[in-house]
Amino acid sequence: MVAARRCRMKTISESRLLLAKPTRSDKDEKQRLLDSDAAENVSVDMDNVASGDDFTEDPLLNRKLEHPTSNFDTMIHLLKGNIGTGILAMPDAFRNAGWVVGLFGTMFMGFICTHCMHMLVGCSHELCKRTQKPSLSFADVVESAFRTGPESLQKFSKIAKTMINSFLCITQLGFCCVYFVFVAANLHDVVKHYFFDISVHWYLLMTLIPMILLNFVKNLKYLTPASLFASILTCSGLIITFFYMLQDLPDTSSVKAFSSWSQLPLYFGTAIYAFEGIGVVLPLENNMKSPQDFSGWTGVLNTGMVIVATLYTAVGFFGYVKYGDNAVLGSVTLLLPPNELLAQSVRLMMAIAIFLSYSLQFYVPFNIVWPWIKVYFHTEQSKRLAEHATRTLLVFATFALAIAIPNLGAVISLVGAFSSSALALIFPPIIEIVTFWPDKLGKNNWILWKDICIVLFGFIGFIVGSYVSLLNILHPDI
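Enquirer: Please set out the side chain of serine 124 residue by residue, giving values where relevant.
Expert: Counting through the fold element by element, serine 124 comes out in helix α7 (residues 99-131). For serine 124, a relative accessible area of 0% translates into the label buried. With sequence-adjacent residues up to four places away left out, serine 124 is seen in contact with Leu136, Val141 and Leu282.

What follows is the structure, encoded as structure tokens:
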């Protein structure tokens, strides 16, 4: 009788435990599928894990980096990743928009782009915890978001990753192409004024070998001195440029407050190109010694982007007011007085700064392409030779594009409208929706509606801006 009573009590206890145990929700099922898929495709380096509990709670704190960057290093790279040729093209952007639209439109664009960068970093952190990986690239983020998102979208994870990689390559190599043209155009103007006049194509050819050698540097940590020197040159060049722009500044009534509707797409393309740092945000954050300092109100990202947006707006506004409809050359440095040594020094400083910044933009496409190539080589020597060959061919590809389209302003607008708008405005909100669907999109799904508005804004700019920019390249005189 005692045995029967114990058996009955055991049965009751098990029943209570069964009732207390939560049923498997859709979220749990997604996690189970994720874990099973991760087990097949991902091997975790146990040396990278401080302790099992810590890794489960926050894998971001368990990154094993050979050459981590400090907050200062990251800030320098972030500024150089955003302040490039685009900032010098802002007077041309204002010319296509009018100073009122340009002024408020650029600040708005800076706010939206920074918000999208935060979206991307936030989704990366969430997906790192789900996948138990210490870091994810842009393409890995979109793949993991789709793979752990709604069941109907999981089959598109590989396609989404391929799309991101394709746009990243196009965007970053497009930036590199513009850098080639910019360096050659400014060197051409300096040498032409003091010595002799030869075609800009020869300057492109002369910069090819140094550009290839610079891009043999592999680690971001080793690029910090080059980025720091480039930042110093850029700041010096911008200070001197402001010195010229603010002299004898005409009244704003001398320029258009609003431009024509047909020119607005060109403004959009140039402005979104200027905020060119979306492709380097995750590589920089992933390589930080203290990744928790990247986000936040006073974090590295906000601090850097406030500086960037302020500089863009100031250069665009004062450059357009100063030079008006003459701001058509794609770089305000080409508008400075040719007979003054100080103005010529700006061209030379900015050419060197952009030359040194090429490798930072090149870092992203190479790290996308190289994994696909290195699997075909098995010895260390063959991999090393293949890596150098790949770097050389990619640099040569941007050189060939620069030779084919030497129109700096047109290339900037096209790259911005086609690639930058997709990466900076369209994909981040889509990733956020898929990542947090359906239970983490805010009260009344306000995050969903906000993200849809950003996607529509980016998509309209993508279609119209690309079309108008392409027409501008094919028929520049129309």
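On we go from here.
Enquirer: Explain the pattern of salt bridges residue by residue, including any values.
Expert: Applying the stated criterion across every chain, the model contains 9 salt bridges. Across the pair aspartate 92 and arginine 95 runs a salt bridge, and its minimum N-O distance is 2.9 Å. With aspartate 92 and arginine 95 both in helix α6 (residues 90-97), this residue pair falls 3 residues apart, about one helical turn. Judged on exposure class, the residue aspartate 92 and its partner arginine 95 are both buried. The shortest N-O distance in the salt bridge between glutamate 143 and lysine 158 comes to 2.8 Å. Taken together, the residues glutamate 143 in helix α8 (residues 138-147) and lysine 158 in helix α9 (residues 157-194) connect sequence positions 15 residues apart. Overlapping salt bridges, with partners in common, bring together Asp140, Glu143, Lys158 and Lys161 in one network.

Enquirer: Now, about the packing of aromatic side chains: what can you tell me, with residues and values included?
Expert: A complete count under the given rule lists 14 aromatic pairs for this structure. Consider the rings of phenylalanine 180 and tyrosine 358, whose centres lie 5.6 Å apart with planes at 80 degrees: the pair is edge-to-face. With a gap of 178 residues between them, phenylalanine 180 in helix α9 and tyrosine 358 in helix α15 (residues 341-374) connect regions that are remote in the sequence. Tyrosine 358 shares its class with phenylalanine 180; the two are buried. What links up through ring pairs into an aromatic cluster is the set Phe180, Tyr358, Phe362, Phe366, Trp370, Phe396 and Phe399. Taking the ring centre of phenylalanine 366 as reference, the NZ or CZ of arginine 391 above it sits at 3.9 Å.

Parameters at a glance
Residues numbered from 1 in each chain as written. Predicted model: local features only at pLDDT ≥ 70, side-chain atom pairs only at ≥ 80, totals over all residues. Heavy atoms only, no water. Helix = DSSP H or I, 4+ residues; strand = E, 2+ residues; numbered from the N terminus. Buried < 20%, exposed > 50% of the residue type's maximum accessible area, 1.4 Å probe, protein only. Contact = heavy atoms within 4.5 Å. Salt bridge = Lys/Arg side-chain N within 4 Å of Asp/Glu carboxyl O. Phe/Tyr/Trp six-rings, centres within 6.5 Å; stacked < 30°, edge-to-face > 60°. Lys NZ or Arg CZ within 6 Å of the ring centre and 35° of its normal.

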